[in-house]
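Below, each chain spelled out in residue letters.
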Amino acid sequence: MEDYSLTLGAHLLLWAFPLVLVVLVIVEDLHDRLKPGSER
Amino acid sequence: MTPVEGSTLTTVAVVMVAYLGVLLFIGWRAAKRTHGGEDFHLAGRSLGAWSAGISSTASSESGWVTLGAVGMTFTYGISGLWYAPGCLLGYLVNVYLVAPRLRPLSADQGSITLTDVITRRWGDPKNVLRLTATTIILVCMMGYVAAQMTAAGKAFSSSLGLEGRSGYILGVVIGAAVIILVTSLGGFRAVAWTDLFQGLLVAIALIALPLYAIARLGGFGALVQGLGAIDPNFLSAGGGRLGPALWGFIIGQLGIGLGYPGMPHVITRYMAARDDHQVQRLQVIAMFWGVAVFYGAGLVGLAGRVMLPGLADGEQALMAMALQLVHPVLAGLLLAAVISAVLSTVSSQLLVAASAVSYDVVEKTLGKASDDRRSLVLGRWTVAVVGLLGILVALSEVRLVFWFVLFAWSGLGAAFAPLILLALLRRGVNRHGALAAMLTGTGVTVAWKLGRDAATNPEIFARVWWITLLAAAVILVLGQLTRAFDMADRIAVVAAASLTIISWWLVQQWGLYNLYELVPAFFLAGFAALAVSAITPISVEEASQ
């Protein structure tokens, strides 16, 4: 039986993009929280 | 699809009734806290991060996310997932660029609606901008509301076991009646709270169902093998497309995201946030919701393709999987999630349409109902009347309305998104430029969309140039008769008509029949705003801002 796998583009679209996005959102939020003078 | 047992349908119906009961309870609680016009139209600017964040995202994703998005990956495999980065880039722009600027601007202005923001930003002595924006919003929203009511009616009738034409009518009436009651009693606050409840239901469903389905298939590896066995192209990001077809498809899917800053039912949520701190918190909430829902929907479609290969309509994959895979109570909750995605959008759009009539037209343009109590009563009755009109249109299935819905997203996006971004991020645009942007965005959207439909309806597309000239002439005559237009406004109308006709010509010259209309309409509207502003004078009111 043939063995199938995702192409590089499919990996980027399916995993890499949302993962990078979530990491950036978390980093931006932490940056806001740790900013001197932040109201948080 | 195998037949569903009667006992399952009964359980699903019980869950559905309980779900409607929760919506009514939330509406009643919100109504008790709604005392005046600003309360009704904008929840008294009191929303916390969760209700503002989830309400903004749940309102923007109609039944499309639980039906259409699922169908995309079911039909095209992983390449059907390109809508996800498109929509998430739109979310990024909205929550990081629009929300932090729009909330303080609207609070300083005292703006209640999107139209209010635009008119107060640039000054609108003769109500030209207000009436133009209100007309575009009303036309797009009424079509949208009617189409969503149709979708809700179909989902309700199938989940409550109602059959035939009478079952469909009953489904439309039940869904619409609950939403009209909740929205007219509790206004913006009820809409935001029900959105929060429904948005969380959608997110939980779209996280849990694909995880369960993939586990049942035997893991992610088994899903990949199953998809590859059906079609190896399902495993690539291009899906077997090559050259211009591939780039047209990707640009079109990414282009969906351009519309988000122009959706009145979405960005008013940012205006209703309590303070800047809530806006910072809602950024994370909205982005996580978006990632979970878009990728969850995509995975449901992929898993559905392998598990239900005989399913004729990919858009039904979520409902079919719910009814065939899980316990009836969970199936009921999953179907409630499908309907939630629809109803959370209907209620938000219904309120925007009602605010456009009662606040922008009756209160602001005609100068009636200036006290807070009368504003609230007027708002409530307008929601009821607009909602009933929506039901009538949904039941009569007026073809023109449903045809127009197809570009309601791109029409609103092109008319308002470039304008809102320019209002918040850039100086140098005046009210004549704003008028040109709204007209150009709408005109190019219509012309380009007709071009995309040219294969099926070539006669109308061939007439676009003179229909545009006729429309421009009617607008100019109206402006003349009401003495609302000055020379700069006339230049704006002529510029919009010219850009619309140029875009119509370009579609044919370059053969761009497959490019999603929002992409050219968005950029041409932005260009119109800047170009017309550069050649027309700035008004005294604008100079003082």
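Residues numbered from 1 in each chain as written. Chains lettered and ligands numbered in written order. Predicted model: local features only at pLDDT ≥ 70, side-chain atom pairs only at ≥ 80, totals over all residues. Heavy atoms only, no water.

**Student:** How should the overall build of chain B be read in this particular structure?
**Tutor:** What chain B contains, in helices and strands, is 23 helices and 0 strands. A compact globule built from 545 residues would reach a C-alpha radius of gyration of about 24 Å, and chain B, at 23 Å, matches this within 12%. Every one of the 545 residues in chain B was classed for burial, and the buried ones make up 61%. In chain B, the share of contacts with a sequence separation of at least 24, taken over all contacts with a separation of at least 6, comes to 85%. (Helix = DSSP H or I, 4+ residues; strand = E, 2+ residues; numbered from the N terminus. Rg over C-alpha atoms; globule rule 2.2 N^0.38 Å. Buried < 20%, exposed > 50% of the residue type's maximum accessible area, 1.4 Å probe, protein only. Contact = heavy atoms within 4.5 Å.)

**Student:** Just to check I follow, could you spell out the overall build of chain A for this structure?
**Tutor:** Along its length, chain A carries 1 helix and 0 strands. When burial is assessed residue by residue, chain A has 28% of its 40 residues classed as buried. By element, 68% of the accessible surface of chain A is carried by carbon and sulfur atoms, the whole surface being about 3000 Å². (Areas by Shrake-Rupley, 256 points an atom, 1.4 Å probe, with all protein chains shown as cover.)

**Student:** Honestly, unusual backbone geometry in this entry has me stumped. Any pointers?
**Tutor:** In most cases, non-glycine residues show a negative phi, while peptide bonds are predominantly trans. Residues and elements named next belong to chain B. At R45, a position not held by glycine, the phi torsion is positive, near 50 degrees. Mapped onto the secondary structure, R45 falls in the loop between α2 (37–42) and α3 (49–60). Unusually for a residue other than glycine, N127 sits at a positive phi of about 60 degrees.

**Student:** Is there a simple way to explain the interface of chain B and chain A in this structure?
**Tutor:** One frequent convention defines the size of an interface as the accessible area lost when the parts assemble. Contacts between the two partners involve 27 residues from chain B, matched on the other side by 21 residues from chain A. Linking chain B to chain A there are 0 salt bridges. For the side of chain B that touches chain A, the secondary-structure elements that each account for two or more residues are α5 (83–109), α9 (220–230) and α12 (276–307) of chain B. Residue contributions to the side of chain B that touches chain A peak at 10 residues, all from α12 of chain B. Of the residues that constitute the side of chain B that touches chain A, the class distribution is 20 nonpolar, 6 polar and 1 charged. (Salt bridge = Lys/Arg side-chain N within 4 Å of Asp/Glu carboxyl O. Nonpolar A, V, L, I, M, F, W, Y, C, P; charged D, E, K, R; others polar.)

**Student:** Is there a simple way to explain the confidence of the model for chain B in this structure?
**Tutor:** Low-confidence regions, as indicated by low pLDDT, have predicted coordinates that should not be scrutinised in detail. Looking at chain B as a whole, its pLDDT mean stands at 89, while 96% of the residues score no less than 70. Interface scoring of the predicted complex returns ipTM 0.91; its pTM is 0.92. (pLDDT = per-residue confidence, 0-100.)

**Student:** I would appreciate a short explanation of the side chain of S410 of chain B in the present structure.
**Tutor:** Residue and element names in this part refer to chain B. Looking at the secondary structure, you find S410 in helix α17 (residues 408–425). Relative accessible area serves as the criterion here: at 0%, S410 is assigned to the buried category. Here E517 takes part through its side chain, which lies 3.1 Å from a polar atom of the side chain of S410. Excluding residues within four positions of it along the chain, S410 makes contact with T445, Y516, E517 and L518. (Polar contact = N/O pair within 3.5 Å; in protein donor to acceptor, adjacent residues only side chain to side chain.)

**Student:** I tried to follow the nonpolar core on my own but got confused; where do I start?
**Tutor:** The nonpolar side chains of soluble globular proteins are, as a tendency, buried together. Residues and elements named next belong to chain B. Membership of the largest hydrophobic core comes to 193 residues, with the highest contact counts inside it found for Y19, Y83, F294 and F416. Top contributing element to this core by residue count: helix α8 (residues 164–217), with 19 residues. Setting aside residues no more than four positions away along its own chain, F294 makes contact with E61, W64, V65, L81, Y83, A84, C87, L88, Y91 and Y260. (Core = buried A, V, L, I, M, F, W, Y, C linked by side-chain atoms within 4.5 Å.)

**Student:** Quick question: what am I supposed to make of the pattern of salt bridges here?
**Tutor:** When the charged atoms of two side chains lie near each other, side chains of opposite charge can form a pair. Residue and element names in this part refer to chain B. As enumerated under the stated definition, the model contains 9 salt bridges over all chains in all. With a closest N to O distance of 3.6 Å, D195 and R269 form a salt bridge. Of this pair, D195 sits in helix α8 while R269 sits in helix α11 (residues 264–271); the two residues are 74 residues apart in sequence, bridging distant segments of the chain. The class for D195 is buried, based on a relative accessible area of 0%. Measuring nitrogen to oxygen at the nearest pair gives 3.9 Å for the salt bridge that ties D486 to R431. Residue D486 is found in the loop between α20 (464–481) and α21 (487–510), and its partner R431 is found in helix α18 (residues 431–452); the two are separated by 55 residues along the sequence.

**Student:** Sorry, what's going on with a nonpolar patch on the surface here?
**Tutor:** Residue and element names in this part refer to chain B. A contiguous nonpolar patch, built from I460, W465, W466, I467, L469, L470, V474 and L478 and spanning about 730 Å² of accessible area, is present on the exposed surface. Per-element accounting of the nonpolar patch gives the leading share, 7 residues, to α20. Relative to the helices and strands, L469 resides in helix α20. For L469, a relative accessible area of 43% translates into the label partly exposed. (Patch = residues over 30% accessible without salt bridge, like charges linked within 9 Å, V, L, I, M, F, W, Y side chains within 5 Å.)

**Student:** Explanation requested: the packing of helix α1 (residues 6–32) of chain B against α8 of chain B in the structure shown.
**Tutor:** Think of two packed helices as two axes; the pair is described by the angle between the axes and how far apart they sit. Across the interface, α1 of chain B lies against α8 of chain B with an axial gap of 7 Å and an inter-helix angle of 100 degrees. When the axes of α1 of chain B and α8 of chain B are compared, the pair comes out roughly perpendicular. (Axes fitted to C-alpha atoms, helices over the stretch in contact; angles between N-to-C directions. Parallel < 35°, antiparallel > 145°, perpendicular 65-115°, else oblique.)

**Student:** Would you take a moment to explain the environment of A437 of chain B for this structure?
**Tutor:** All names here are of chain B. With respect to the helices and strands, the residue A437 is situated in helix α18. Taking the C-alpha atoms as reference points, A437 and V202, 235 residues apart in sequence, are found 35 Å from one another. Contact partners of A437, with chain neighbours within four places excluded, come to A414, A415, L419, A525, A528 and A529.

**Student:** Explanation requested: the packing of aromatic side chains in the structure shown.
**Tutor:** For any two aromatic rings, the description comes down to two numbers: the centre-to-centre distance and the angle of the planes. All names here are of chain B. Enumeration according to the criterion identifies 11 aromatic pairs over all chains in this entry. Taken together, the aromatic side chains of W64, Y83, Y91, Y260, F294 and W409 make up a single cluster linked through ring pairs. A cation sits over an aromatic face here: R241 above Y76, 5.1 Å from the ring centre. When the ring centre of F188 is taken as reference, the NZ or CZ atom of R269 above it lies at 4.5 Å. (Phe/Tyr/Trp six-rings, centres within 6.5 Å; stacked < 30°, edge-to-face > 60°. Lys NZ or Arg CZ within 6 Å of the ring centre and 35° of its normal.)

**Student:** Would you mind showing me how to read the packing of helix α7 (residues 128–159) of chain B against α17 of chain B here?
**Tutor:** Residue and element names in this part refer to chain B. Contact pair α7 / α17: the axes reach a minimum separation of 9 Å and the direction vectors enclose 160 degrees. In terms of orientation, α7 and α17 fall into the roughly antiparallel class. In terms of crossing hand, the pair formed by α7 and α17 is left-handed. Of the residues in α17, those touching α7 at A133, I136, I137, C140, M141 and Y144 are A408, W409, L412, A415 and F416. (Left-handed = near helix turned anticlockwise from the far one by under 90°.)

**Student:** Would you mind showing me how to read the side chain of S355 of chain B here?
**Tutor:** Residue placement: S355 of chain B occurs in helix α14 (residues 328–365). Once you skip the residues sitting within four places of it in the chain, S355 of chain B turns out to touch H41, T113 and D360 of chain B.

**Student:** It is not clear to me how the environment of F249 of chain B should be interpreted in this structure. Could you clarify?
**Tutor:** Residue and element names in this part refer to chain B. Inspection of the secondary structure puts F249 in helix α10 (residues 243–255). What makes F249 buried here is its relative accessible area of 16%. Along the backbone, F249 and G80 are 169 residues apart, and their C-alpha atoms lie at a distance of 9.7 Å. With near-sequence residues (within four places) excluded, F249 lies in contact with M72, S79, W82 and R241.

**Student:** I would appreciate a short explanation of α11 of chain B in the present structure.
**Tutor:** Side chains that are three or four residues apart share a direction in an α-helix, a result of its 3.6 residues per turn. Counting buried residues along α11 of chain B, 8 of its 8 residues qualify, which places the element largely inside the surrounding structure. Residues of α11 of chain B that are buried: P264, H265, V266, I267, T268, R269, Y270 and M271 of chain B.

**Student:** Help me out: how do you make sense of the environment of A107 of chain B in this one?
**Tutor:** Its place among the elements puts A107 of chain B in helix α5. For the pair A107 of chain B and R274 of chain B, spaced 167 residues apart in the sequence, the C-alpha separation amounts to 9.9 Å.

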